[in-house]
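# Summary of the model geometry
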Amino acid sequence: GEDVEQSLFLSVREGDSSVINCTYTDSSSTYLYWYKQEPGAGLQLLTYIFSNMDMKQDQRLTVLLNKKDKHLSLRIADTQTGDSAIYFCAEGGGGGNKLTFGTGTQLKVEL
Amino acid sequence: KAGVTQTPRYLIKTRGQQVTLSCSPISGHRSVSWYQQTPGQGLQFLFEYFSETQRNKGNFPGRFSGRQFSNSRSEMNVSTLELGDSALYLCASSLGGQNNQPQHFGDGTRLSIL
(Lines give C-alpha, C1' and ligand atoms only; values in the text may rest on other atoms or scores of the structure.)
Protein backbone atom coordinates (compact mmCIF):
# COMPACT_ATOMS: atom_id res chain seq x y z
CA GLY A 1 0.00 0.00 0.00
CA GLU A 2 0.93 3.65 -0.01
CA ASP A 3 3.43 4.89 2.53
CA VAL A 4 4.81 8.36 3.18
CA GLU A 5 7.75 9.03 5.49
CA GLN A 6 9.10 12.21 7.03
CA SER A 7 11.59 13.03 9.74
CA LEU A 8 9.89 14.06 12.99
CA PHE A 9 11.74 17.22 13.99
CA LEU A 10 13.65 20.11 12.47
CA SER A 11 15.10 23.09 14.32
CA VAL A 12 16.42 26.18 12.51
CA ARG A 13 17.40 29.73 13.38
CA GLU A 14 15.26 32.65 12.29
CA GLY A 15 16.39 33.91 8.90
CA ASP A 16 17.91 30.59 7.82
CA SER A 17 16.41 28.28 5.21
CA SER A 18 14.48 25.20 6.28
CA VAL A 19 14.35 22.03 4.22
CA ILE A 20 11.77 19.40 5.06
CA ASN A 21 12.08 16.05 3.29
CA CYS A 22 9.57 13.36 2.43
CA THR A 23 9.66 10.01 0.66
CA TYR A 24 6.67 8.17 -0.74
CA THR A 25 6.04 4.79 -2.31
CA ASP A 26 3.02 5.16 -4.61
CA SER A 27 4.29 5.64 -8.16
CA SER A 28 0.78 6.43 -9.40
CA SER A 29 0.63 9.66 -7.37
CA THR A 30 -0.74 12.50 -9.45
CA TYR A 31 -0.28 15.36 -6.99
CA LEU A 32 2.01 15.77 -4.00
CA TYR A 33 1.14 18.24 -1.30
CA TRP A 34 2.54 20.18 1.61
CA TYR A 35 0.22 21.16 4.43
CA LYS A 36 0.92 23.21 7.56
CA GLN A 37 -0.81 22.65 10.90
CA GLU A 38 -0.61 25.09 13.76
CA PRO A 39 -1.73 24.16 17.30
CA GLY A 40 -5.48 23.74 17.58
CA ALA A 41 -6.06 24.30 13.89
CA GLY A 42 -6.81 22.27 10.80
CA LEU A 43 -4.50 21.77 7.83
CA GLN A 44 -3.54 24.70 5.67
CA LEU A 45 -2.66 23.87 2.08
CA LEU A 46 0.73 25.48 1.48
CA THR A 47 1.59 24.28 -1.98
CA TYR A 48 1.37 21.28 -4.26
CA ILE A 49 3.16 19.91 -7.29
CA PHE A 50 1.89 17.84 -10.16
CA SER A 51 3.81 14.62 -10.66
CA ASN A 52 5.13 15.59 -14.10
CA MET A 53 6.91 18.64 -12.66
CA ASP A 54 10.23 18.65 -10.85
CA MET A 55 10.14 22.08 -9.25
CA LYS A 56 7.65 24.68 -8.16
CA GLN A 57 8.36 28.03 -6.53
CA ASP A 58 5.80 30.10 -4.65
CA GLN A 59 7.22 33.16 -2.85
CA ARG A 60 9.36 31.80 0.02
CA LEU A 61 8.44 28.19 -0.74
CA THR A 62 10.25 25.90 -3.16
CA VAL A 63 9.12 22.35 -3.80
CA LEU A 64 11.47 19.86 -5.42
CA LEU A 65 10.28 16.51 -6.72
CA ASN A 66 12.55 13.62 -7.68
CA LYS A 67 10.10 11.18 -9.17
CA LYS A 68 12.72 8.51 -9.83
CA ASP A 69 13.66 8.38 -6.12
CA LYS A 70 10.11 9.23 -4.96
CA HIS A 71 11.52 12.10 -2.90
CA LEU A 72 9.81 15.41 -2.21
CA SER A 73 11.21 18.39 -0.37
CA LEU A 74 9.92 21.72 0.84
CA ARG A 75 12.34 24.60 1.24
CA ILE A 76 11.27 27.65 3.23
CA ALA A 77 13.51 30.64 2.64
CA ASP A 78 14.13 33.23 5.37
CA THR A 79 12.32 31.15 7.99
CA GLN A 80 10.36 33.19 10.53
CA THR A 81 9.01 32.35 14.01
CA GLY A 82 5.53 32.28 12.48
CA ASP A 83 6.64 29.31 10.40
CA SER A 84 6.87 27.16 13.54
CA ALA A 85 4.29 24.41 13.01
CA ILE A 86 3.92 20.81 11.91
CA TYR A 87 4.39 20.25 8.18
CA PHE A 88 2.74 17.30 6.48
CA CYS A 89 3.66 15.80 3.18
CA ALA A 90 0.80 14.00 1.38
CA GLU A 91 0.43 12.07 -1.80
CA GLY A 92 -2.70 11.61 -3.86
CA GLY A 93 -2.96 8.50 -5.97
CA GLY A 94 -4.85 8.19 -9.23
CA GLY A 95 -8.63 7.99 -8.97
CA GLY A 96 -10.66 9.83 -6.36
CA ASN A 97 -9.35 12.17 -3.71
CA LYS A 98 -7.79 9.96 -1.05
CA LEU A 99 -4.65 11.47 0.47
CA THR A 100 -1.98 9.50 2.29
CA PHE A 101 -0.13 11.63 4.81
CA GLY A 102 3.29 11.42 6.35
CA THR A 103 3.79 11.56 10.10
CA GLY A 104 4.48 15.29 10.00
CA THR A 105 7.68 17.23 10.69
CA GLN A 106 7.64 19.61 13.63
CA LEU A 107 9.54 22.74 12.63
CA LYS A 108 10.88 24.86 15.47
CA VAL A 109 12.26 28.28 14.63
CA GLU A 110 14.63 29.72 17.22
CA LEU A 111 15.63 33.34 17.61
CA LYS B 1 -14.84 32.92 -0.60
CA ALA B 2 -15.69 31.11 2.63
CA GLY B 3 -13.54 28.15 3.54
CA VAL B 4 -14.54 24.69 4.71
CA THR B 5 -16.76 24.93 7.78
CA GLN B 6 -17.01 22.17 10.34
CA THR B 7 -19.45 22.06 13.24
CA PRO B 8 -19.29 21.67 16.11
CA ARG B 9 -15.67 22.56 16.94
CA TYR B 10 -15.66 20.56 20.17
CA LEU B 11 -17.74 17.67 21.38
CA ILE B 12 -17.70 15.52 24.50
CA LYS B 13 -19.50 12.18 24.49
CA THR B 14 -19.49 9.00 26.57
CA ARG B 15 -18.84 5.45 25.49
CA GLY B 16 -21.73 3.81 23.67
CA GLN B 17 -23.26 7.05 22.43
CA GLN B 18 -23.39 8.13 18.84
CA VAL B 19 -22.32 11.41 17.23
CA THR B 20 -22.90 13.32 14.02
CA LEU B 21 -20.39 15.82 12.64
CA SER B 22 -21.14 18.29 9.89
CA CYS B 23 -19.04 19.75 7.08
CA SER B 24 -19.90 22.51 4.61
CA PRO B 25 -17.48 22.57 1.66
CA ILE B 26 -16.16 25.55 -0.23
CA SER B 27 -18.80 26.85 -2.64
CA GLY B 28 -18.56 24.97 -5.93
CA HIS B 29 -16.65 22.03 -4.47
CA ARG B 30 -18.38 18.72 -5.01
CA SER B 31 -16.01 16.31 -3.27
CA VAL B 32 -15.88 16.00 0.51
CA SER B 33 -13.40 13.76 2.32
CA TRP B 34 -13.11 12.93 6.01
CA TYR B 35 -9.96 12.17 7.96
CA GLN B 36 -9.24 11.14 11.54
CA GLN B 37 -6.18 12.56 13.29
CA THR B 38 -4.80 10.98 16.46
CA PRO B 39 -1.37 11.23 18.12
CA GLY B 40 -0.81 7.50 17.69
CA GLN B 41 -2.05 6.86 14.15
CA GLY B 42 -1.60 10.28 12.57
CA LEU B 43 -3.90 11.33 9.75
CA GLN B 44 -6.00 8.52 8.34
CA PHE B 45 -8.50 8.64 5.50
CA LEU B 46 -12.07 7.70 6.43
CA PHE B 47 -14.09 8.16 3.24
CA GLU B 48 -14.84 10.47 0.34
CA TYR B 49 -18.16 11.56 -1.10
CA PHE B 50 -18.77 12.97 -4.55
CA SER B 51 -22.19 13.79 -5.99
CA GLU B 52 -23.90 12.19 -2.99
CA THR B 53 -22.10 8.85 -3.53
CA GLN B 54 -19.30 7.34 -1.50
CA ARG B 55 -16.39 7.13 -3.94
CA ASN B 56 -13.58 5.97 -1.68
CA LYS B 57 -13.40 4.28 1.70
CA GLY B 58 -10.60 3.80 4.20
CA ASN B 59 -10.05 0.95 6.65
CA PHE B 60 -12.44 1.89 9.41
CA PRO B 61 -15.18 -0.26 10.98
CA GLY B 62 -18.79 0.05 9.91
CA ARG B 63 -19.52 2.19 12.99
CA PHE B 64 -18.14 5.07 10.92
CA SER B 65 -20.49 6.20 8.21
CA GLY B 66 -21.23 9.29 6.22
CA ARG B 67 -23.45 10.88 3.68
CA GLN B 68 -23.54 13.82 1.32
CA PHE B 69 -26.48 16.01 0.46
CA SER B 70 -27.44 17.54 -2.87
CA ASN B 71 -25.82 20.86 -1.85
CA SER B 72 -22.52 18.96 -1.26
CA ARG B 73 -22.69 19.38 2.51
CA SER B 74 -21.62 16.22 4.28
CA GLU B 75 -22.20 14.58 7.63
CA MET B 76 -20.21 11.89 9.36
CA ASN B 77 -21.72 9.59 11.96
CA VAL B 78 -19.99 7.40 14.51
CA SER B 79 -22.13 4.93 16.44
CA THR B 80 -21.37 3.03 19.65
CA LEU B 81 -18.51 5.33 20.54
CA GLU B 82 -15.31 3.86 21.99
CA LEU B 83 -12.55 5.58 23.93
CA GLY B 84 -10.26 5.13 20.93
CA ASP B 85 -12.56 7.30 18.79
CA SER B 86 -11.26 10.38 20.61
CA ALA B 87 -9.61 12.37 17.84
CA LEU B 88 -9.63 15.44 15.66
CA TYR B 89 -11.95 14.79 12.73
CA LEU B 90 -11.05 16.81 9.67
CA CYS B 91 -13.11 17.44 6.60
CA ALA B 92 -11.64 18.49 3.26
CA SER B 93 -13.28 19.65 0.06
CA SER B 94 -12.12 19.81 -3.53
CA LEU B 95 -13.61 20.44 -6.92
CA GLY B 96 -13.92 16.72 -7.57
CA GLY B 97 -13.40 15.05 -10.89
CA GLN B 98 -11.54 11.88 -11.75
CA ASN B 99 -8.02 12.67 -10.65
CA ASN B 100 -6.76 13.77 -7.29
CA GLN B 101 -7.17 17.51 -6.87
CA PRO B 102 -6.03 19.97 -4.20
CA GLN B 103 -8.02 19.55 -1.02
CA HIS B 104 -8.78 22.33 1.42
CA PHE B 105 -9.36 21.48 5.05
CA GLY B 106 -11.58 22.86 7.76
CA ASP B 107 -10.44 23.44 11.34
CA GLY B 108 -11.86 20.11 12.46
CA THR B 109 -14.13 18.81 15.19
CA ARG B 110 -12.34 17.67 18.32
CA LEU B 111 -14.22 14.71 19.75
CA SER B 112 -13.50 13.54 23.28
CA ILE B 113 -14.93 10.28 24.61
CA LEU B 114 -15.23 9.89 28.38
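For clarity, every value in this text was computed on a predicted model and none was experimentally measured. (Residues numbered from 1 in each chain as written. Chains lettered and ligands numbered in written order. Predicted model: local features only at pLDDT ≥ 70, side-chain atom pairs only at ≥ 80, totals over all residues. Heavy atoms only, no water.)

With respect to the helices, strands and loops of the structure, Ser-29 of chain A is situated in the loop between strand 3 (18–24) and strand 4 (31–37). Put simply, Ser-29 of chain A and Lys-70 of chain A are 41 residues apart on the chain and 9.8 Å apart in space, counted from C-alpha to C-alpha. (Helix = DSSP H or I, 4+ residues; strand = E, 2+ residues; numbered from the N terminus.)

So, on to the pattern of salt bridges. Scanning the model with the defined rule gives 8 salt bridges over all chains in all. The salt bridge involving Asp-83 of chain A is made with Arg-60 of chain A; its shortest N-O contact spans 2.9 Å. Of this pair, Asp-83 of chain A sits in the loop between strand 8 (71–76) and strand 9 (85–92) while Arg-60 of chain A sits in the loop between strand 6 (55–58) and strand 7 (61–66), and the two are 23 residues apart along the sequence. For the salt bridge of Asp-85 of chain B with Arg-63 of chain B, the shortest nitrogen-to-oxygen distance reads 2.8 Å. Of the two residues, Asp-85 of chain B sits in the loop between strand 8 (74–78) and strand 9 (87–94) while Arg-63 of chain B sits in the loop between strand 6 (53–57) and strand 7 (64–68), which places them 22 residues apart along the sequence. A residue is classified by how much of its surface remains accessible, and Asp-85 of chain B, at 4% relative accessible area, is buried. Accessibility expressed as a relative area gives 17% for Arg-63 of chain B, which makes it buried. Overlapping salt bridges, with partners in common, bring together Arg-63, Glu-82 and Asp-85 of chain B in one network. (Salt bridge = Lys/Arg side-chain N within 4 Å of Asp/Glu carboxyl O. Buried < 20%, exposed > 50% of the residue type's maximum accessible area, 1.4 Å probe, protein only.)

All names here are of chain B. Sheet topology places strand 1 (residues 5–7) next to strand 3 (residues 19–24); 3 bridges connect them, and they run antiparallel. Its bridge partner being in strand 3, Gln-6 is matched across the sheet by Cys-23. Sheet analysis places strand 3 next to strand 8, joined by 5 bridges and oriented antiparallel. Each residue of the ladder has a partner; that of Val-19, found in strand 8, is Val-78. (Pairing = 2+ DSSP bridges.)

Here we take up the interface of chain A and chain B. Contact residues are listed per partner, giving 20 residues for chain A and 24 residues for chain B. Approximately 1700 Å² of surface area, both sides summed, lies buried where chain A meets chain B, with 51% of it carried by carbon and sulfur atoms. The interface formed by chain A and chain B contains 0 salt bridges. On inspection of chain A and its partner chain B, the count reaches 5 residue pairs in polar contact (both at pLDDT 80 or more). If you list the elements that add at least two residues to the side of chain A that touches chain B, you get strand 4, strand 5 (43–50), strand 9 and strand 10 (99–101) of chain A. Residues belonging to the side of chain A that touches chain B are distributed by class as follows: 10 nonpolar, 9 polar and 1 charged. (Contact = heavy atoms within 4.5 Å. Buried area = accessible area lost by both parts, 1.4 Å probe. Polar contact = N/O pair within 3.5 Å; in protein donor to acceptor, adjacent residues only side chain to side chain. Nonpolar A, V, L, I, M, F, W, Y, C, P; charged D, E, K, R; others polar.)

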